[in-house]
Amino acid sequence: MNSECLKELQERLKPEQIRQDDAIDLSYQKDWSSCSPVLPMALLLPENVQQVSDIIKICAKYKQSVVPQGGRTGLTGAARPSKADVCISLEKLNGIEEIDIQANTMTVLAGTTLQTVQEKAIAAERYFPLDLGSRGSCQIGGTIATNAGGNNVIRFGMMRNLVLGLEVVTASGEILNLQNKMLKNNAGYDLKQLFIGSEGTLGIITKATLKLTPIPGDAQTALCAFARYEDGVALLHLMQKELNQNIHAFEMMWQDFYTMSCSWSCPDNPPIENEYAFYVLIESKGVSEEVFHQSLEKAFEEELIQNAVIASSLREREQLWTIREATSEFPVKLSPINFDISLPIGSINEFVQTCRLSLLERWPNALVVNFGHIGDSNLHLAVDANSDVNITEEEVDKIVYQCVEEFKGSISAEHGVGTLKRDYLHHSVSPQALDMMATVKKALDPFNILNPSKVVLI
Ligand SMILES: Cc1cc2nc3c(=O)[nH]c(=O)nc-3n(C[C@H](O)[C@H](O)[C@H](O)COP(=O)(O)OP(=O)(O)OC[C@H]3O[C@@H](n4cnc5c(N)ncnc54)[C@H](O)[C@@H]3O)c2cc1C
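The notes below deal with the structure included here.

Rules used throughout
Residues numbered from 1 in each chain as written. Predicted model: local features only at pLDDT ≥ 70, side-chain atom pairs only at ≥ 80, totals over all residues. Heavy atoms only, no water. Buried < 20%, exposed > 50% of the residue type's maximum accessible area, 1.4 Å probe, protein only. Helix = DSSP H or I, 4+ residues; strand = E, 2+ residues; numbered from the N terminus. Arc of directions from axis to C-beta. Pairing = 2+ DSSP bridges. Axes fitted to C-alpha atoms, helices over the stretch in contact; angles between N-to-C directions. Contact = heavy atoms within 4.5 Å. Polar contact = N/O pair within 3.5 Å; in protein donor to acceptor, adjacent residues only side chain to side chain. Core = buried A, V, L, I, M, F, W, Y, C linked by side-chain atoms within 4.5 Å. Domains from an automatic or database assignment.

Details of helix α10 (residues 314-324)
- Taken together, the buried positions of α10 are occupied by Leu320, Trp321, Ile323 and Arg324. Seen end-on, α10 carries its buried residues on one side only, within an arc spanning 150°. α10 presents Leu314 and Arg315 as exposed residues on the side facing more than 90 degrees away from its buried surface.

Here's what the structure looks like:
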């Protein structure tokens, strides 16, 4: 870093707000992706929006690149610095500014963890619907910057649907006020949407106003098994109709995933034998047990499902979820190459078969498992690199993303692009749209100082 730039930062911040070399903990050198750690030039820990603005003004003056960091739980390398970058952690901009019970909103500083937001909402007898496995560490700023999805998307949408207003520090260091509490607001371009999902490349989010909902009622949970993918899609539509859209999870597991997961979590007593081609974990909240049972009976009558178990206690519900959440065991039990893709719901199974065939043609012994939030058109696919010595991540990426292009899907459903997916973006984004993304980036960050080399190259 230019010594003048460092000097100006030192004049503006307290000594403990600037860390260098050994004082930068390893956790700031990477995110949760497979990317290896990199020591940045410095780690800055601003305490308020004015300091974020001052830092960016100084960095802009010296064309010093900066990487905004939230909880660093991202899975695409987006929060990992290069050695020429300065990291700005938002962790000290943390706390709830206001809960407006009448407007059903919560205004929160960017460094507040998702779990804190969820807990504060419940304490105010409201609910904040975004929920991810990383809730204890990921921050609201990071979940907005990645447009996170997670468990309740089928019911409440992604983060984009839950943000009403923002405060953002731009690439020139200006504090841009996009705060808003209203559901309806068509006063010109909806600029906040530009920053949602921009992965720190267009601005630094410092504050957000979030939409709250009533607390949903108790959960009704069932695991169903069936033979044909089309029946799973019909089941989704039937349940949505019967349960008045109150489905919070519709998690499909292909037989390979289900068999593997049960062999880990309940080898002697799987809730349903592994003889079916498909399994789906359905969770509904706010409907009575009776209505839930009736809708499953209807699904049986229409021959959409062949077997089902309904959780009758919290323990049984957790046992069913353990099967779906076997993914948390992946890093321990496999050497997984993970994909987070989306496809039109009607083509997902055909994609699974075609992609599997292409992978097995290349590596006949490859272990490939499929599962996903099918109601959100989101498929997760994992290839175990340990299943064949010749498997390389690069080759698997090429095969899978080529297949995604053929099926008109998206190479990133909810995890974003970062650096890991940047070079595959053309498989699901048209050349014109890629050009427009670069135009937007150049317009908002002409010196390319905000998280350069992430998402799009300019
Ligand atoms: C166990 C686990 C489960 C997960 N489950 C899901 C899931 O179900 N769905 C899902 O979508 N994701 C999931 N993720 C991925 C990850 O948690 C999300 O991407 C999350 O939104 C990242 O938040 P963060 O605060 O950790 O951001 P970081 O990882 O720190 O940063 C992510 C990106 O946002 C930028 N950024 C961070 N803060 C700001 C800010 N204030 N202003 C501007 N840019 C900023 C960074 O520069 C980077 O580009 C999971 C991750 C883990 C480890």
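Let's talk about the sheet that holds strand β5 (residues 96-100)
- With antiparallel pairing, the 5 strands of this open sheet are ordered in space as β5-β6-β9-β7-β8. Looking along the sheet, the strands with just one partner apiece sit at the ends: β5 and β8 (175-178). Between one strand and the next, the sheet's axes are offset by a mean angle of 10°, whatever the strand orientation.
- The pairing of strand β6 (residues 105-109) with strand β9 (residues 204-211) spans 5 bridges and is antiparallel. Paired with Val108 across the strands is Ala208, a residue of β9.
- Packing of helix α2 (residues 49-61) onto the sheet brings it into contact with β7 (163-169), β8 and β9, and relative to β7 it is tilted by some 50°.
- Helix α3 (residues 114-123) rests against β5, β6 and β9 of the sheet, and its axis sits at about 145° to β6.

Describing the side chain of Asn180
- Residue position: Asn180 is located in the loop between β8 and α6 (192-195).
- Overall, Asn180 belongs to the buried group, its relative accessible area being 10%.
- Within the structure, Asn180 has its side chain in polar contact with the backbone oxygen of Leu164 (distance 3.0 Å).
- Within polar-contact distance, the side chain of Asn180 engages the side chain of Asn185 at 3.2 Å.
- Dropping the residues within four chain positions of it, Asn180 is found in contact with Leu164, Gly165, Asn185 and Thr209.

Looking at the environment of Val368
- By secondary structure assignment, the location of Val368 is in strand β15 (residues 367-373).
- Accessibility expressed as a relative area gives 3% for Val368, which makes it buried.
- Counting along the chain gives 290 residues from Val368 to Ala78, while the straight-line C-alpha distance between them is 26 Å.
- The contact partners of Val368, leaving out residues within four places of it in the chain, are Asp256, Arg356, Leu359, Leu381, Ala382 and Val383.

Here's the deal with unusual backbone geometry
- In this structure, Asn244 takes a positive phi of about 55° despite not being glycine.
- A relative accessible area of 60% means that Asn244 is categorised as exposed.
- A positive phi angle is found at Val455, which is not glycine, with a value near 65°.
- In this structure, Val455 sits in the segment after α14 (431-444).

Considerations on the nonpolar core
- Of all hydrophobic cores here, the largest spans 55 residues; its most connected members are Leu235, Phe351 and Val400.
- Counting contributing residues, this core receives three or more from each of domain 3 (219-313) and domain 4 (334-416 + 423-431).
- For Phe351, the contacting residues outside a window of four places in its chain are Ile341, Leu343, Arg356, Leu379, Leu381, Val400, Cys403, Val404 and Phe407.
- Judged by nonpolar contacts, the second largest core, of 29 residues, contains Val108, Leu114, Leu132 and Phe195.

Brief notes about the environment of Ser410
- Note that Ser410 resides in the loop between α13 (393-406) and α14.
- Judged by relative accessible area, which is 23%, Ser410 ranks as partly exposed.
- Expressed as a C-alpha distance, the spacing of Ser410 and Asp31, which sit 379 residues apart in the sequence, is 22 Å.
- Discounting chain neighbours no more than four positions away, the residues touching Ser410 are Ile341, Ser342, Val404 and Ser428.
- Here the side chain of Ser410 touches Ser412 through a polar contact of 3.0 Å, landing on its backbone oxygen.

As far as function goes, none of this settles anything; it's purely spatial.
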